[in-house]
Every structure is written in structure tokens, then in C-alpha cells.
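Here are the chains, one letter per residue:
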Amino acid sequence: QVQLVESGGGSVQAGGSVRLSCAASGRTFGNLDMSWWRQVPGKERELVARITYSGDEYYKDFVKGRFTISGDSAKNTVLLQMNSLKPEDTAVYYCSARPGTSAAWVYWGQGTQVTVSS
């Protein structure tokens, strides 16, 4: 079992930056793929970025060049640095994890709100 706890959300003006942190516990962090998702009311949760246990990164087009995902296996933490934020980035952001052998994102955090004002 893996527990995920997000932190770092808040309110920011357009063009600003926010860094989200996700602390994992309960399982060897180095064997997990980690990801960030977001969801707005009335819409499905969507993938933002992911990083594999081997360090490969993937970003959705709408955040490429603005967001950076990084992992710190020593601290069992994954970060999402969000720069050049836009009002449409407003959402609840979720951290998720899966074993490297799984296709399904099994573990989820409780979410943290990011609000970007124009």
C-alpha cells in the first residue's frame, strides 16, 4: 500500500508559479511511476505529467515548456513545478502512483487546489 499526500496548492495570478509536492510512504519509492493529474468540476480527471521509476518524463501538450515534474527518491517525493500559469490551469491537482509493472494508476492523493486568476 502507498499513501500519497500533496501540498503546495494555492492562489496565484496569471503568469505566476506554484510548486506542488507529493510525499509518498508505505512502499519503496524507487519502484513506482509517479504522475500528476488535474480535474475541474464537470470534467474528467486528466493527466498532466508523469515520471517513471527510471526517470523518463512525459508531459501533456498543454503544459509542455511550462511545467516540470521531478522525483527525489531519497525523500520519497515528486514535485510539479508550474510556471507561466494560466487561468485555465485552475483545477484540483492530484498525485498518483503505480507499480512500474502496472498500467493502472492505483494510488491517489487527496488533491490540492490551484487557482489562477487573470
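Below or above, wherever it landed, is the structure these notes cover. This one's a predicted model, so the numbers in the text were calculated from it and none came from an experiment.

### A look at the pattern of salt bridges
Between side chains of opposite charge, pairing is possible as soon as their charged atoms come close. Taken as a whole and assessed by the stated rule, the structure comprises 5 salt bridges. In the salt-bridge network here, residues are joined through shared partners; they are R38, E46, R66 and D89.

### Here's the deal with the packing of aromatic side chains
Summed over the entire model, instances satisfying the criterion amount to 2 aromatic pairs. Connected via pairs of aromatic rings, a cluster forms that spans W37, W105 and W108. Just above the ring of W108 sits the side chain of R45; from NZ or CZ to the centre is 4.8 Å. Geometry around Y58 places R50 over its ring, the cationic atom sitting 4.4 Å from the centre.

### Re the sheet that holds strand β1 (residues 3-7)
Pairing is antiparallel across the open sheet formed by 4 strands, whose spatial order is β1-β3-β8-β7. Looking at strand neighbours, the two that pair on one side only are β1 and β7 (67-72), the edges of this open sheet. Between one strand and the next, the sheet's axes are offset by a mean angle of 15 degrees, whatever the strand orientation.

Definitions and cut-offs
Residues numbered from 1 in each chain as written. Predicted model: local features only at pLDDT ≥ 70, side-chain atom pairs only at ≥ 80, totals over all residues. Heavy atoms only, no water. Salt bridge = Lys/Arg side-chain N within 4 Å of Asp/Glu carboxyl O. Phe/Tyr/Trp six-rings, centres within 6.5 Å; stacked < 30°, edge-to-face > 60°. Lys NZ or Arg CZ within 6 Å of the ring centre and 35° of its normal. Pairing = 2+ DSSP bridges. Helix = DSSP H or I, 4+ residues; strand = E, 2+ residues; numbered from the N terminus. Axes fitted to C-alpha atoms, helices over the stretch in contact; angles between N-to-C directions.

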